[in-house]
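# Topology and contacts: notes
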Amino acid sequence: MKTLVLFISLFVLLFSCNEAPKTVEKVDDVEIVEKASLEGTWEMIGLYNYKDNQVVDSFKTREGNRQVKMYTKSRVMWSKLVPADSTEYFAYGAYTLNDSILKETLDYGSKTMNLVIGERKDYIFKIVLEKDKFSQIEIDDDGDRIYSENYVRVD
């Protein structure tokens, strides 16, 4: 009997020390846990197109094409490789993440991106962030979804 009580006590003690992550909120039936962080390196694996806020098309990243984003505590840098196109794509700037809104403010980039940044520096996305994947969703002026870029954690 003492052995059983000791075993149960050790079992309870062992599992009480491994506290599960706490759910902070739910976005589109996906639980967002407080341990999820945007800091790190991410690679795009595909895109979704939306109509009436529903996914109508999904595309995997083409073989050989790559898009990588890196986030520190306050900065973002991304690069895109399209072997069939000689145009270079990269940009660097700051970001903020509040609730489910990601705002990137780009400072500079490749020659092509500097032309874009000259017209528009701020990019605001709805974000669905999990521990090892996230989607940044472009929204229109009415708050409706247009498309999303979907990433997995590389590091």
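Residues numbered from 1 in each chain as written. Predicted model: local features only at pLDDT ≥ 70, side-chain atom pairs only at ≥ 80, totals over all residues. Heavy atoms only, no water.

Note on placement: E149 falls in strand β11 (residues 145-153). Among the polar contacts listed, one links the side chain of E149 to the side chain of Q67, at a separation of 3.4 Å. Discounting chain neighbours no more than four positions away, the residues touching E149 are M44, G46, L47, Q67, F134, S135 and Q136. (Helix = DSSP H or I, 4+ residues; strand = E, 2+ residues; numbered from the N terminus. Polar contact = N/O pair within 3.5 Å; in protein donor to acceptor, adjacent residues only side chain to side chain. Contact = heavy atoms within 4.5 Å.)

It is worth spelling out the environment of F59 at this point. On the secondary structure map, F59 appears in strand β4 (residues 54-60). For F59, a relative accessible area of 41% puts it in the partly exposed group. When neighbours within four sequence positions are excluded, F59 is seen to be in contact with I45, G46, L47 and N49. (Buried < 20%, exposed > 50% of the residue type's maximum accessible area, 1.4 Å probe, protein only.)

Before going further, it helps to spend a moment on the packing of aromatic side chains. Considering all chains together, one arrives at six aromatic pairs under this definition. Seen from their ring centres, W42 and F134 are 4.9 Å apart, and the 85° between their planes marks the pair as edge-to-face. In this pair, W42 sits in strand β3 (residues 40-51) while F134 sits in strand β10 (residues 133-139), placing the two residues 92 residues apart along the sequence. Neither W42 nor F134 differs from the other in exposure class; each is buried. Each ring, one from Y71 and one from Y95, has its centre 4.9 Å from the other, and the planes form 80°; the classification is edge-to-face. Linking Y71 in strand β5 (residues 66-71) with Y95 in strand β7 (residues 89-98), this pair joins segments that are 24 residues apart in sequence. Like Y95, Y71 is buried. Note that K80 overlies the ring of Y89, its terminal NZ or CZ placed 5.6 Å from the centroid. (Phe/Tyr/Trp six-rings, centres within 6.5 Å; stacked < 30°, edge-to-face > 60°. Lys NZ or Arg CZ within 6 Å of the ring centre and 35° of its normal.)

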